[in-house]
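Report on the structure
Read off the chains here:
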Amino acid sequence: MTFPRWRQSLARSLHVQRSKPEAKFFQAANAYMPGDSCDISDIIVENRTMVFRGFAQSSHTLLAISDSRSEKFSQWQQSPRTQLCWYFTKTREQFRISAQVSMVGSTGLLFQDEHADADVNQGCSQNSMLTSERAILWANLSDKAKTQFYWPTPKQALKDIEINGPPSSDIPDNFILICFHPYYVDYLNLTTTPQTREIHDISDKKWIYQDVNP
Ligand SMILES: Cc1cc2nc3c(=O)[nH]c(=O)nc-3n(C[C@H](O)[C@H](O)[C@H](O)COP(=O)(O)O)c2cc1C
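Residue positions are counted from 1 within each chain, in the order its sequence is given. This being a predicted model, a pLDDT of at least 70 is required before a residue's local features are given, and a value of 80 or more before pairs of side-chain atoms are given or counted; all residues contribute to the totals for chains, interfaces and linings. As a rule here, side-chain values come from all non-hydrogen atoms in the structure, and water together with hydrogens is ignored.

Thoughts on the pattern of salt bridges
Note on pairing: side chains with opposite charge can pair once their charged atoms come close. Salt bridges are defined as contacts in which a side-chain nitrogen from Lys or Arg sits within 4 Å of a carboxyl oxygen from Asp or Glu. Under the definition given, this model contains five salt bridges. A salt bridge links Arg5 to Glu198; the shortest N-O distance between them is 2.9 Å. Of this pair, Arg5 sits in helix H1 (residues 5-16) while Glu198 sits in strand E8 (residues 196-203), and the two are 193 residues apart along the sequence. Here Asp67 and Arg69 are joined by a salt bridge, their closest N and O atoms 2.8 Å apart. In this scheme, a residue with accessible area under 20% of its type's maximum is buried, one over 50% is exposed, and one in between is partly exposed, where area comes from a 1.4 Å probe on protein chains only. A relative accessible area of 9% places Asp67 in the buried class. Note on Arg69: relative accessible area 28%, which makes it partly exposed. Put simply, DSSP marks the helices as runs of H or I at least four residues long and the strands as runs of E at least two long, and each gets a number from the N terminus on.

Written out as C-alpha cells, the structure reads:
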C-alpha cells in the first residue's frame, strides 16, 4: 500500500518524536444536538485528548480506545464525524484530520456512519479484522490501564474507587475500539517561511493534495 503524502509526513513526525509520549496524544472533537433539538444554535461542541494506538492493518484508519460508558460514545453515535488535531512540538507541524467515526465492541462493529463513504473506510470495515485489532490493543494494555475499565461509571458522583488489578482476563464489554477513517487533512508546517500548508482530499479513491496559502 502506498502512503499518501500526509501519512508520510505523519509517520516522519511520529518517528522523530518517538521518545516523547505526548507525541501520541491528539485532540478529538465532535458536535451534536442535545435531546430532540433541531435548532442549530443548540449545537454542543466537545473536545478531548486521546492516545493514538496506531493504524488499522492495510488502511489509513487511525485507532484509539475508549470506554462505552463515556459521553463521547453516545455523542459519536449521534454524529459520527470528528476532527482530530495533532501538534508535534519538535517538527512544528499541525495535522487536522477530518474523519468518519466507527466503533467496535465485543460483538463487532457497533455502528458506523450510515452515510459512510466506501472510499473513506475502504479496507477497514471487516468485522473480524476490527475485532482482532480490539483484542490486540486490550492485550497490549498495562494492568493499570485495564483497571480503569472496571471503575465506576464516568462522570457520575464520585465513589470510592478500588485500585486493584483487573478482575478477569476477559475483555470487558465497555472496552471499545474507535476507528477514525480520514477523508480530509489540513497540514501546517511552521518551520518554513512562509509556513507550508497543504490540503489533502480524497477524489476518486485517491488522495490528492494542493499547496495553499498558510
Ligand atoms: C493525555 C491524555 C490521554 C487520554 N487518552 C484517552 C484515550 O485514549 N481514550 C479515552 O477515552 N480517553 C482518554 N483521555 C481522557 C479523555 O480526554 C476524556 O477526559 C475522557 O475520555 C472523557 O471524555 P468524554 O466525556 O468526552 O467522553 C485522555 C486524557 C489525557 C489527558
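Side note on the packing of aromatic side chains
Stacked, tilted and edge-to-face pairs are distinguished by plane angle, under 30 degrees for stacked and over 60 for edge-to-face with tilted covering the rest, among Phe, Tyr and Trp rings (Trp via its six-membered ring) whose centres lie within 6.5 Å. In this structure the tally under the stated criterion is 13 aromatic pairs. Centre to centre, the rings of Trp6 and Trp207 are 5.4 Å apart; their planes meet at 65 degrees, and the pair counts as edge-to-face. Placement of the pair is Trp6 in helix H1 and Trp207 in strand E9 (residues 206-212), with a sequence separation of 201 residues. The class of Trp6 is buried, set by a relative accessible area of 0%. Ring centres of Phe52 and Phe55 lie 5.3 Å apart, and the angle between their planes is 75 degrees; on these two criteria the pair is classed as edge-to-face. Assessed through its relative accessible area of 6%, Phe52 is described here as buried. Following the ring pairs from residue to residue traces out a cluster consisting of Phe26, Phe52, Phe55, Trp76, Trp86, Phe88, Phe95, Phe180 and Tyr187. Only when the NZ atom of a Lys or the CZ atom of an Arg is both within 6 Å of the ring centre and within 35 degrees of the ring normal do we say a charge sits over the ring. The positively charged end of Arg7 is found above the aromatic ring belonging to Phe3, 3.9 Å away from the centroid. When the ring centre of Phe55 is taken as reference, the NZ or CZ atom of Arg7 above it lies at 3.6 Å.

What to know about the side chain of Glu198
Overall, the relative accessible area of 3% leaves Glu198 in the buried class. Within the structure, Glu198 has its side chain in polar contact with the side chain of Arg5 (distance 2.9 Å). Polar contacts, as used here, are pairs of N or O atoms within 3.5 Å; protein pairs need one atom able to donate a hydrogen and one able to accept it. Residues neighboring in sequence count only if both atoms are side-chain atoms.

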